[in-house]
Amino acid sequence: MSVVAARLSSLRAGSSLSMKSAAEAAGLNTSTIFRIEHGLVAPREATVRTLLELYGEGEHAPRLLSLLREERVPGWYDAPGVPLGLSAFLELEDQAQVIYTYCPHQVPALLQTPAYALAAAPATLPPGATYERAARAAGLVAVRQKVLDRHRGPHLWALLDRPALLDPPLSRPEDRVAQLDALALAAKQPHIAVQISRPVAETGYLYQGPPFTLLRFPDRDRPDALVLHLLHAPVVVEDRRRVEEHQQAFARLSLSAFPVDATSEVLEGVRAALSG
């Protein structure tokens, strides 16, 4: 319950509401908010839903209620500093055995350097977000990347578009080169495969959709998961037909891309282009 309490306290603070203001808006006593946030009493489900609506997180109520009902064991992805809308995807990513990801416009988070993560963070945040909030988002990327260093961690297969490498959200040339070098180093790891797309004019295949990730799990009876990376938050898709459609799309993208063993050479070409 302490996880639920900490989350509700963090969301209230993030909404710039005092306990008194939150209590009045939710039709509760200030003492009730205090007891809930300090883990002194288990909130009712209806109260959690009301508070989440007040804090602008109503759509994510099932996520927090699953912890309240003790339906799952909390993980690092349930910490108050992790956006509630990102938590479900991060749990799947943490549990996966194989991660397939296609990012047509940027380097995937699991392969970003700290400088890249910080530069890319504002795109995932509301307009006018502070530097401190962007720094927290970049810090979360670093935490996510630990999954690749874990013993018996997942295998990662990342497909990137060459134009995204040529136009990164990095202003300093040394940061751009450092990101390319980081990709080249990652591509040499036995559990990481990195592919770069060929020009569409050569392949004749143009994927028309948002960036996506496919996750395969150790339990063979557990179906693969599809995650669409939309504007403000990732969306987990359970429809089997859509999962299969994206599996086919990833296969076509992989077959039309430069082969894995050519990645180092392609990155060298991009590096030369960026260096002028």
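See above for the structure.
In this text, all values refer to a predicted model and were calculated from it rather than measured experimentally.

Colleague: Please explain helix α12 (residues 240-256) as it appears in this structure.
Modeller: Residue pairs three or four apart in sequence face the same way in an α-helix, which turns once every 3.6 residues. Counted at 1.5 Å a residue, the expected span for α12 with its 17 residues is 24 Å, and the 24 Å between its end C-alpha atoms agrees. Burial in α12 covers these residues: Val-243, His-246, Ala-249, Phe-250, Leu-253, Ser-254 and Ser-256. In a view along the axis of α12, the buried residues occupy a sector of 165°, so they form one face of it. Within α12, the exposed residues directed more than 90 degrees away from the buried face are Arg-241, Gln-248 and Leu-255.

Colleague: Would you mind going over empty space enclosed by the protein with me for this structure?
Modeller: Once rolled over the atoms, a probe with the size of a water molecule shows which space is left empty. Using the criterion set out here, one finds one cavity of 30 Å³ or more in the structure. Within this model, the largest cavity holds a volume of roughly 50 Å³. Lining the largest cavity are Val-107, Tyr-116, Ala-164, Leu-165, Pro-168, Leu-170, Arg-176, Gln-179 and Leu-180. Secondary-structure elements contributing two or more residues to the lining of the largest cavity are α9 (162-166) and α10 (173-187).

Colleague: What is the right way to read the side chain of Ser-197 from this model?
Modeller: Looking at where Ser-197 falls in the secondary structure, it is placed in the loop between β3 (192-196) and α11 (200-203). Residue class for Ser-197 comes out buried when judged on its relative accessible area of 14%. Polar side-chain contacts of Ser-197 include one of 2.8 Å to the side chain of Asp-161. Discounting chain neighbours no more than four positions away, the residues touching Ser-197 are Leu-160, Asp-161, Arg-162, Ala-257 and Phe-258.

Colleague: Would you explain the packing of helix α1 (residues 2-14) against helix α5 (residues 61-68) in this entry?
Modeller: Each pair of packed helices gets described by two things: the angle between the helix axes and the distance between those axes. Where α1 meets α5, the closest approach of the two axes is 8 Å, and the angle between their N-to-C directions is 145°. Note on packing geometry: the crossing formed by α1 with α5 is left-handed. Between α1 and α5, the residues in contact are Val-3, Val-4, Arg-7 and Leu-8 and Leu-64, Leu-67 and Leu-68, respectively. Its residues assigned to classes, the contact of α1 with α5 comprises six nonpolar, no polar and one charged.

Colleague: What exactly am I supposed to notice about the sheet that holds β3 here?
Modeller: Backbone hydrogen bonds hold the strands of a sheet together, and the pairing may be parallel or antiparallel. In space, the six strands of this open sheet follow the order β3-β2-β1-β4-β5-β6, with mixed pairing throughout. Single-partner strands in this sheet number two, and they are β3 and β6 (234-237). Strand-to-strand twist in this sheet, taken as the mean axis angle between neighbours without regard to direction, amounts to 15°. Looking at chain direction, strand β1 (residues 98-103) and strand β4 (residues 212-216) are connected through five bridges and run antiparallel. Residue pairing in the sheet places Val-98 in a bridge with Arg-216 of β4.

Colleague: Sorry, what's going on with the pattern of salt bridges here?
Modeller: Here the structure, examined in full by the defined rule, presents 15 salt bridges. Two residues, Arg-63 and Asp-78, come together in a salt bridge whose shortest N-O distance is 3.8 Å. Here the residue Arg-63 occupies a position in helix α5, and Asp-78 occupies one in the loop between α5 and α6 (84-95), the gap between them amounting to 15 residues. By the burial criterion, Arg-63 is buried, and Asp-78 matches it.

Colleague: Could you clarify how one ought to interpret the packing of aromatic side chains in this entry?
Modeller: The geometry of an aromatic ring pair is captured by the separation of the ring centres together with the interplanar angle, meaning the angle of the planes. In total, this model carries eight aromatic pairs according to the counting rule given. Summarising the aromatic geometry, the rings of Trp-157 and Phe-250 are spaced 6.1 Å apart at their centres and angled 85° between planes, so their arrangement reads as edge-to-face. Residue Trp-157 is located in strand β2 (residues 155-160), and its partner Phe-250 is located in helix α12; the two are separated by 93 residues in the primary sequence. Exposure remark for Trp-157: the relative accessible area of 30% places this residue in the partly exposed category. According to the relative accessible area criterion, Phe-250 is buried, its value standing at 6%. Taken together through their ring pairs, the aromatic side chains of Tyr-100, Tyr-102, Trp-157, Tyr-207, Phe-212 and Phe-250 make up a single cluster. Taking the ring centre of Phe-217 as reference, the NZ or CZ of Arg-222 above it sits at 3.7 Å.

Colleague: What is the right way to read the pairing of β2 from this model?
Modeller: Across a regular strand the side chains alternate sides, sitting on one face of the sheet and then on the other. Examined bridge by bridge, β1 and β2 share six bridges and lie parallel to one another. Within β2, the residue paired with Val-98 across the bridge is His-155. Direction of pairing for β2 relative to β3: parallel, over a ladder of five bridges. In the sheet register, Leu-159 faces β3, and the bridge partner there is Gln-195.

So, how was this worked out
- Residues numbered from 1 in each chain as written.
- Predicted model: local features only at pLDDT ≥ 70, side-chain atom pairs only at ≥ 80, totals over all residues.
- Heavy atoms only, no water.
- Helix = DSSP H or I, 4+ residues; strand = E, 2+ residues; numbered from the N terminus.
- Expected span 1.5 Å × (residues − 1).
- Buried < 20%, exposed > 50% of the residue type's maximum accessible area, 1.4 Å probe, protein only.
- Arc of directions from axis to C-beta.
- 1 Å grid on protein atoms, 1.4 Å probe; cavity = no way out; pocket = protein on both sides within 12 Å on 5 of 7 lines; lining within 4 Å.
- Points joined across faces, edges and corners; volume = space filled by probe spheres on them.
- Polar contact = N/O pair within 3.5 Å; in protein donor to acceptor, adjacent residues only side chain to side chain.
- Contact = heavy atoms within 4.5 Å.
- Axes fitted to C-alpha atoms, helices over the stretch in contact; angles between N-to-C directions.
- Left-handed = near helix turned anticlockwise from the far one by under 90°.
- Nonpolar A, V, L, I, M, F, W, Y, C, P; charged D, E, K, R; others polar.
- Pairing = 2+ DSSP bridges.
- Salt bridge = Lys/Arg side-chain N within 4 Å of Asp/Glu carboxyl O.
- Phe/Tyr/Trp six-rings, centres within 6.5 Å; stacked < 30°, edge-to-face > 60°.
- Lys NZ or Arg CZ within 6 Å of the ring centre and 35° of its normal.

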